[in-house]
Amino acid sequence: MTVTLEFLARELDAELHGPADAEVSGLGTIGAAGPQQLTFLANSRYRAFLENTSAGAVLLSAEQREHCPVPALVVKDPYLAFAKASHFFDTAPPVSAGIHPSAVVDPSATVPESVSLGPNVVIDAGVELGEGTVVMANSVIGAGTRIGGQGRIWPNVTIYHGVTIGPRTTIHSHAVIGADGFGFAFNGAGWTKVAQVGGVRIGADVEIGAGTTIDRGAIEDTVIGNGVILDNQIQVAHNVVIGDHSALAGKVGIAGSSRIGSYCMIGGAVGISGHLEICDQVQILGMSLVSRSITEPGTYGSALPVDKQDRYRRNVARFRHLDELSRRVRRLEKARGGSSED
Amino acid sequence: MTVTLEFLARELDAELHGPADAEVSGLGTIGAAGPQQLTFLANSRYRAFLENTSAGAVLLSAEQREHCPVPALVVKDPYLAFAKASHFFDTAPPVSAGIHPSAVVDPSATVPESVSLGPNVVIDAGVELGEGTVVMANSVIGAGTRIGGQGRIWPNVTIYHGVTIGPRTTIHSHAVIGADGFGFAFNGAGWTKVAQVGGVRIGADVEIGAGTTIDRGAIEDTVIGNGVILDNQIQVAHNVVIGDHSALAGKVGIAGSSRIGSYCMIGGAVGISGHLEICDQVQILGMSLVSRSITEPGTYGSALPVDKQDRYRRNVARFRHLDELSRRVRRLEKARGGSSED
Amino acid sequence: MTVTLEFLARELDAELHGPADAEVSGLGTIGAAGPQQLTFLANSRYRAFLENTSAGAVLLSAEQREHCPVPALVVKDPYLAFAKASHFFDTAPPVSAGIHPSAVVDPSATVPESVSLGPNVVIDAGVELGEGTVVMANSVIGAGTRIGGQGRIWPNVTIYHGVTIGPRTTIHSHAVIGADGFGFAFNGAGWTKVAQVGGVRIGADVEIGAGTTIDRGAIEDTVIGNGVILDNQIQVAHNVVIGDHSALAGKVGIAGSSRIGSYCMIGGAVGISGHLEICDQVQILGMSLVSRSITEPGTYGSALPVDKQDRYRRNVARFRHLDELSRRVRRLEKARGGSSED
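Each value, and the rule that gives it
Residues numbered from 1 in each chain as written. Chains lettered and ligands numbered in written order. Predicted model: local features only at pLDDT ≥ 70, side-chain atom pairs only at ≥ 80, totals over all residues. Heavy atoms only, no water. UniProt positions renumbered as here; feature names shortened; annotations may be inferred. Helix = DSSP H or I, 4+ residues; strand = E, 2+ residues; numbered from the N terminus. Rg over C-alpha atoms; globule rule 2.2 N^0.38 Å. Buried < 20%, exposed > 50% of the residue type's maximum accessible area, 1.4 Å probe, protein only. Contact = heavy atoms within 4.5 Å. Areas by Shrake-Rupley, 256 points an atom, 1.4 Å probe, with all protein chains shown as cover. Pairing = 2+ DSSP bridges. Buried area = accessible area lost by both parts, 1.4 Å probe. Salt bridge = Lys/Arg side-chain N within 4 Å of Asp/Glu carboxyl O. Least-squares fit on C-alpha atoms with pLDDT ≥ 70 in both. Disulfide = S-S within 2.5 Å. Arc of directions from axis to C-beta. 1 Å grid on protein atoms, 1.4 Å probe; cavity = no way out; pocket = protein on both sides within 12 Å on 5 of 7 lines; lining within 4 Å. Points joined across faces, edges and corners; volume = space filled by probe spheres on them. Nonpolar A, V, L, I, M, F, W, Y, C, P; charged D, E, K, R; others polar. Axes fitted to C-alpha atoms, helices over the stretch in contact; angles between N-to-C directions. Parallel < 35°, antiparallel > 145°, perpendicular 65-115°, else oblique. Expected span 1.5 Å × (residues − 1). Domains from an automatic or database assignment. Phe/Tyr/Trp six-rings, centres within 6.5 Å; stacked < 30°, edge-to-face > 60°.

For chain A, an unreviewed UniProt entry supplies the name UDP-3-O-acylglucosamine N-acyltransferase and the organism Alcanivorax dieselolei. Of the comments in the UniProt record for chain A, the one headed Subunit (unreviewed entry) reads "Homotrimer." For chain A, the Sequence similarities (unreviewed entry) comment in UniProt is given as "Belongs to the transferase hexapeptide repeat family. LpxD subfamily."

Right under this line is the structure:
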């Protein structure tokens with residue numbers, strides 16, 4: 001798609017410094033964008049790139065304008081403006097409404113004419129799809145599941161029975177929504193499965209990454225709030241609740257019945273134990289373990305970063321005796337007649 | 001499904017305190033169950049909920065009966081009884097025998113009439129399915145694989161060639177059984193693949209979670225024992241052996257050729273290095289690293305839990321010098337002419 | 001397949017000690033191989049097995065030959081020779097060229113006659129498949145994606161639009177190539193998605209494990225070099241670059257825009273933060289966190305290994321106070337008028 005700078009200025013509420021009828025037809029990074037491309041400067045560390053750019057136009061803040069040798073679109077938040085602009089240049093192929101002849105649609109399902117069902121899609125009994133829903137090739141929607149309008153389900157997604165999904169929600173390939181939670185009772189000799197009779201409720205404007213799994217509830221529902229963004233390969237166990245607008249990076253795992261607040265940001269591969277509460281506006285650094293509830297907003301971490309192998313091994317060996325080391329320090333302090341800390 | 005309390009008492013071997021012909025038609029939590037719902041009390045911490053419940057009936061132990069204001073079903077193990085009862089109220093849609101016209105079944109496959117094959121299921125040459133096996137939409141079963149009777153394979157599962165699966169085993173969506181193990185030899189310039197000619201043997205009554213991957217063996221088979229329960233997104237590398245009735249939580253990873261005993265419980269996101277042995281009845285706490293064999297039953301852990309960012313960063317910085325710190329303490333002790341610990 | 005030892009000696013450039021016309025028809029481990037099986041000895045720790053083997057033939061180094069009671073094939077690198085030999089005995093079912101009638105192929109796609117498309121495969125507009133490409137059941141290839149010749153895509157793989165894959169590349173089931181990167185701008189109330197307009201470029205001779213996800217780039221491409229081997233359930237975020245011949249074990253996660261060098265070996269479940277550079281020939285031990293760039297080849301680690309629960313808990317409690325402990329030691333040193341380390 002080709003757009004004029006005037007169009008962009010209007011759509012992005014930007015102040016244009018440059019020719020209104022100049023055009024751009026794609027996106028580039030600040031270091032590599034050419035004359036046909038729009039770029040942005042969000043971090044002043046990259047100003048040297050700005051000074052040398054040959055981009056068609058740059059989204060930037062007012063204080064950077066003097067350094068810009070090409071047409072500038074001045075905005076308050078350049079990255080947010082870029083996010084909005086990016087959709088004009090999306091490369092995802094367009095989708096047209098209609099049901100591919102190979103799709104298998106149960107006659108009891110509700111499928112408006114504006115819906116697009118790709119090849120081999122399977123829509124089970126009683127499913128309700130909202131206007132404009134896109135379900136791409138080889139995805140399967142289980143009985144009684146309801147999906148709000150204008151969402152997109154990429155290929156090879158599986159949604160089990162009895163799931164509710166709000167409008168404008170995107171689900172990437174190989175996500176699994178509504179598989180059984182991991183509920184078993186020990187019977188003395190082995191494990192007796194607990195039927196997972198709850199469902200999954202997902203809000204509006206949610207994004208679910210590739211390979212992410214969200215289990216159905218044991219009795220009540222597992223709940224994902226509005227505007228939640230989930231990256232790839234996240235595991236959400238039964239009866240977890242995630243508050244509105246929280247963002248979870250790839251490979252996070254949340255054990256059963258834990259509740260995450262709103263506007264939380266959970267780093268990659270963080271593990272959250274079961275039956276915890278994490279309040280609103282908590283940030284967790286990548287690879288941390290959360291094994292207790294968190295009641296205070298702020299940033300938390302626990303993972304040790306890498307060191308060279310020899311030093312790593314020596315320190316790990318000492319860690320095994322950290323309790324003894326603390327006691328030895330205490331003894332030295334006592335011998336000195338010193339402080340009473342311990 | 002609606003059942004009488006008399007029916008439940010008989011099926012669960014429970015002592016009924018209440019009207020035999022009262023009915024329940026679903027499940028509820030102890031905090032929220034209504035008059036049509038069965039609930040349970042397994043943890044005395046929730047007794048306040050019991051005292052205020054309006055459930056149709058409660059599964060509980062004898063000592064809690066006096067606190068129960070509604071019909072009670074007294075059992076030895078309320079959670080186990082609830083697990084058994086839950087299946088009367090399962091919400092999973094019923095499946096009927098038969099082969100969907102869109103399924104692609106190789107003529108050399110063995111498919112009894114009691115089997116259910118969903119839309120777009122692919123059954124390759126020489127596959128043998130036991131009586132009553134359910135293979136749901138878009139799942140693929142590779143050549144020569146044998147699956148015991150009465151199991152269920154949810155949609156979009158992939159099972160490669162040469163896999164053997166026992167009866168009554170459940171496999172959730174997007175699990176992959178029998179992909180190549182990660183076997184490569186370095187050839188001086190790059191990696192030469194080792195053909196993975198072993199298979200996978202899975203026992204009876206196994207549950208395999210969504211997105212879990214179990215690789216085929218390099219030469220001999222990868223083996224999952226009877227009654228093993230695997231949660232979502234677990235990675236089982238080639239030639240791993242997991243003993244009967246072990247339970248693995250989500251995101252566990254087990255590297256090649258390690259052997260896990262029976263009745264082990266492995267917490268979420270635990271990593272187990274290759275070529276280890278873990279004896280029976282070992283519990284590993286979530287996010288731990290097991291890098292040596294474990295020869296003694298018991299509970300083991302290693303992950304650090306989160307702290308506030310500033311304290312976390314200070315402690316991590318000190319960890320880098322823990323070996324030096326230990327040496328400094330030793331020097332202080334020597335200077336004092338003290339103990340010989342180090 | 002049955003082959004003579006003479007054939008193996010010639011193909012593997014081995015020195016045969018034994019009858020040229022003796023035959024083997026499969027592979028076995030050094031501890032279990034029978035008279036019809038080829039085995040190998042790569043690690044002298046297993047020499048006792050060699051001395052008692054009844055294998056049909058053993059691949060081994062010159063110095064082990066005297067201990068071998070059966071026909072020997074002497075080579076410089078027994079494991080590499082075994083890797084090459086293993087392909088003669090591969091158990092993967094053969095694939096024949098042709099398009100299954102249930103496959104859905106867009107008329108604008110390029111599909112040579114040598115290609116094999118399994119049941120329910122979906123090939124979108126403008127896709128180009130090289131000679132001999134195998135796409136197995138229920139896999140989906142998005143619009144405009146190009147795949148070099150002689151590769152194999154196992155069942156239930158999803159490749160999005162605009163992906164480029166080199167020749168001889170293998171992709172295992174449930175891998176997802178080209179899903180959207182996790183790019184969002186905070187808009188004050190929630191998250192505005194950044195359209196991910198970059199693609200994915202994957203080199204030649206790459207192996208991608210089951211369930212691995214490789215996201216498309218935000219603006220420029222995500223890049224996987226030639227000869228890279230990726231195990232199962234790896235997450236590669238947008239704009240990551242992985243250098244030639246690097247090997248990543250299962251469950252590794254790499255955050256956005258990080259660059260991994262060539263000939264690196266990344267252990268299982270390692271996490272790599274975003275925007276880092278890791279130079280060539282770096283080894284990272286399993287479950288480590290890499291949160292800074294690494295500029296020097298070598299081996300690095302960070303994860304603590306398990307300990308018994310009681311000791312683990314005591315040491316963890318002390319870790320929370322490690323900074324204070326260090327200060328206390330410093331005070332003791334000062335009181336002693338000692339060293340100036342801190």
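Okay, back to it.
Caption draft 1: Seen up close, the overall build of chain A. Of the regular secondary structure elements, chain A holds 5 helices and 39 strands. For 342 residues, the compact-globule formula gives about 20 Å, and the C-alpha radius of gyration of chain A, at 26 Å, lies well above that figure. With the C-alpha coordinates of chain A rotated into their principal frame, the extents come out at 80 × 65 × 35 Å. In chain A, buried positions account for 60% of the 342 residues. Taking the intrachain contacts of chain A between residues at least 6 apart in sequence as the baseline, contacts between residues at least 24 apart amount to 17%. Counting only carbon and sulfur atoms, one obtains 48% of the accessible surface of chain A, whose full area is about 12900 Å².

Caption draft 2: Fine view of the pairing of strand 6 (residues 57-60) of chain B. Residue and element names in this part refer to chain B. Covered by surrounding structure in strand 6 are A57 and L59 together with V58 and L60, the residues of both alternating faces. Examined bridge by bridge, strand 5 (residues 37-40) and strand 6 share 3 bridges and lie parallel to one another. Paired with L38 across the two strands is A57, which belongs to strand 6. Here strand 6 runs beside strand 7 (residues 72-74); their pairing, made up of 3 bridges, is parallel. Across the sheet, L60 pairs through a bridge with V74, a residue of strand 7.

Caption draft 3: Examining the interface of chain C and chain B more closely. Opposite the 74 residues of chain C that make contact, chain B presents 77 residues. Both faces considered, chain C and chain B share a buried interface measuring about 6300 Å² in area, 62% of it formed by carbon and sulfur atoms. Of all residues in chain C, C:L304, C:V306 and C:F319 give up the largest surface area on contact with chain B, accounting jointly for 10% of the area buried on that side. One can count 7 salt bridges joining chain C with chain B. A salt bridge links B:E296 to C:K308; the nearest nitrogen and oxygen atoms lie 2.7 Å apart.

Caption draft 4: Local environment of the pattern of salt bridges. Using the criterion set out here, one finds 42 salt bridges over all chains in the structure. In this structure, C:R314 and A:D323 form a salt bridge, with 3.0 Å as the shortest nitrogen-oxygen distance. Of the two residues, C:R314 sits in helix 4 (residues 309-319) while A:D323 sits in helix 5 (residues 322-335), which places them in two different chains. We classify C:R314 as partly exposed; its relative accessible area is 37%. You can call A:D323 buried: its relative accessible area is 5%. What emerges from the salt-bridge pattern is a single network uniting A:D307, A:R311, B:R320 and B:E324.

Caption draft 5: Spotlight on the relation of the copies chain A and chain C. Placing chain A over chain C gives an RMSD of 0.0 Å and needs a rotation angle of 120°, together with 0.0 Å of translation along the axis. Taken together, the rotation and translation describe the operation of a three-fold axis.

Caption draft 6: Region of the structure containing the state of the cysteines. Considering all chains together, one arrives at 0 disulfides over all chains under this definition. A:C264 provides the cysteine sulfur closest to A:C279, a residue in no disulfide bond, and the two sulfurs are 6.6 Å apart.

Caption draft 7: Structural detail: the interface of chain A and chain C. Every contact between the two is made by 74 residues of chain A and, on the other side, 77 residues of chain C. Here chain A meets chain C over a buried area of about 6300 Å², counting both sides, of which 62% is carbon and sulfur. Looking only at chain A, the three residues that lose the most surface to chain C are A:L304, A:V306 and A:F319, adding up to 10% of its buried area. On the surface where chain A and chain C come into contact, there are 7 salt bridges.

Caption draft 8: Layout of unusual backbone geometry. All names here are of chain C. The phi torsion at N120 lies on the positive side, around 60°, for a residue other than glycine. Relative to the assigned elements, N120 resides in the loop between strand 10 (116-117) and strand 11 (122-123). The backbone of H174 sits at a positive phi, close to 70°, despite the residue not being glycine. For H174, the location among the structural elements is in the loop between strand 19 (170-171) and strand 20 (176-177).

Caption draft 9: Quick peek at the UniProt feature "active site" (unreviewed entry) in chain A. Residue and element names in this part refer to chain A. Mapped onto this numbering, the UniProt entry annotates "active site" (unreviewed entry) at H238. Among the secondary structure elements, H238 is positioned in the loop between strand 28 (235-236) and strand 29 (241-242). Take H238: its relative accessible area is 13%, and that puts it in the buried class. Apart from the residues lying within four places of it in its own chain, the contact partners of H238 are G181, F182, G183, Q196, D215, R216, G217, A218, T222, G256 and S257.

Caption draft 10: Highlighting helix 4 of chain C. Within the sequence span of helix 4 of chain C, burial applies to C:Y312, C:N315, C:V316, C:R318 and C:F319. Seen end-on, helix 4 of chain C carries its buried residues on one side only, within an arc spanning 160°.

Caption draft 11: Inspection of empty space enclosed by the protein at higher detail. This model, assessed by the stated rule, comprises 7 cavities of 30 Å³ or more. Of the pockets and cavities examined, the largest cavity occupies roughly 120 Å³. Its residues assigned to classes, the lining of the largest cavity comprises 1 nonpolar, 12 polar and no charged. Counted as a void, the second largest cavity has a volume near 80 Å³. Lining the second largest cavity, in full, are A:L304, A:P305, A:V306, A:D307, A:Y312, A:N315, B:V316, B:F319, B:R320, C:G301 and C:S302. Listed by contribution, the elements that provide at least two residues to the lining of the second largest cavity are helix 4 (309-319) of chain A together with helix 4 (309-319) of chain B. Grouping the constituent residues of the lining of the second largest cavity by class yields 6 nonpolar, 3 polar and 2 charged.

Caption draft 12: Examining the packing of helix 4 of chain B against helix 5 (residues 322-335) of chain C more closely. At their nearest, the axes of helix 4 of chain B and helix 5 of chain C sit 8 Å apart, and the two run at 55° to each other. Of the possible angle classes, the one that applies to helix 4 of chain B and helix 5 of chain C is oblique. Judged by residue contacts, B:R311, B:R314, B:N315, B:R318 and B:F319 of helix 4 of chain B engage C:L322, C:D323, C:E324, C:S326 and C:R327 from helix 5 of chain C. Here the residues of the contact of helix 4 of chain B with helix 5 of chain C are counted per class, giving 2 nonpolar, 2 polar and 6 charged.

Caption draft 13: The sheet that holds strand 2 (residues 15-17) of chain B, seen in detail. Residues and elements named next belong to chain B. What the 5 strands build is an open sheet, ordered 2-7-6-5-4; its pairing is mixed. If you trace the sheet from one side to the other, it starts and ends with strand 2 and strand 4 (26-27), each paired once. Bridge analysis of strand 4 against strand 5 gives 2 bridges, and the strand direction is parallel. Residue pairing for strand 5: G26 is matched across the bridge by Q37.

Caption draft 14: Representation of the sheet that holds strand 17 (residues 158-159) of chain A in the model. Residue and element names in this part refer to chain A. Pairing within the open sheet is parallel, and its 10 strands lie in the order 9-11-14-17-20-25-28-31-34-37. Either end of the sheet is taken by a strand with one partner, and the two such strands are strand 9 (104-105) and strand 37 (289-290). Alignment of strand 28 against strand 31 (residues 253-254), held across 2 bridges, turns out to be parallel. What sits directly across from V236, in strand 31, is I254.

Caption draft 15: Main features of helix 5 (residues 322-335) of chain B. Taking 1.5 Å per residue, 14 residues should reach 20 Å; helix 5 of chain B reaches 20 Å between its end C-alpha atoms and fits that length. Taken together, the buried positions of helix 5 of chain B are B:L322, B:D323, B:L325, B:S326, B:R328, B:V329, B:R330, B:L332 and B:E333. Contacts made by the buried residues of helix 5 of chain B are with helix 4 and helix 5 of chain A, helix 4 of chain B together with helix 5 of chain C. At the C-terminal side of helix 5 of chain B, B:G337 shows a positive phi close to 70°.

Caption draft 16: Just the domain arrangement of chain A, in detail. Partitioning chain A into structural domains gives domain 1 (3-89), domain 2 (157-303) and domain 3 (307-342). Just the C-alpha atoms count here: the centres of domain 1 of chain A and domain 2 of chain A sit 37 Å apart.

Caption draft 17: A look at the environment of C:A255. Summarising the element assignment, C:A255 is placed in the loop between strand 31 (253-254) and strand 32 (259-260). For the pair C:A255 and C:F182, spaced 73 residues apart in the sequence, the C-alpha separation amounts to 9.5 Å.

Caption draft 18: Quick look at the packing of aromatic side chains. Counted according to the given criterion, the structure contains 29 aromatic pairs over all chains. Relative to B:W154, the ring of A:Y160 has its centre 4.5 Å away and its plane inclined at 25°; by these criteria the two rings are stacked. One end of the pair, A:Y160, is in the loop between strand 17 and strand 18 (163-165); the other, B:W154, is in the loop between strand 16 (152-153) and strand 17 (158-159), on a second chain. Judged by relative accessible area, which is 2%, A:Y160 ranks as buried.

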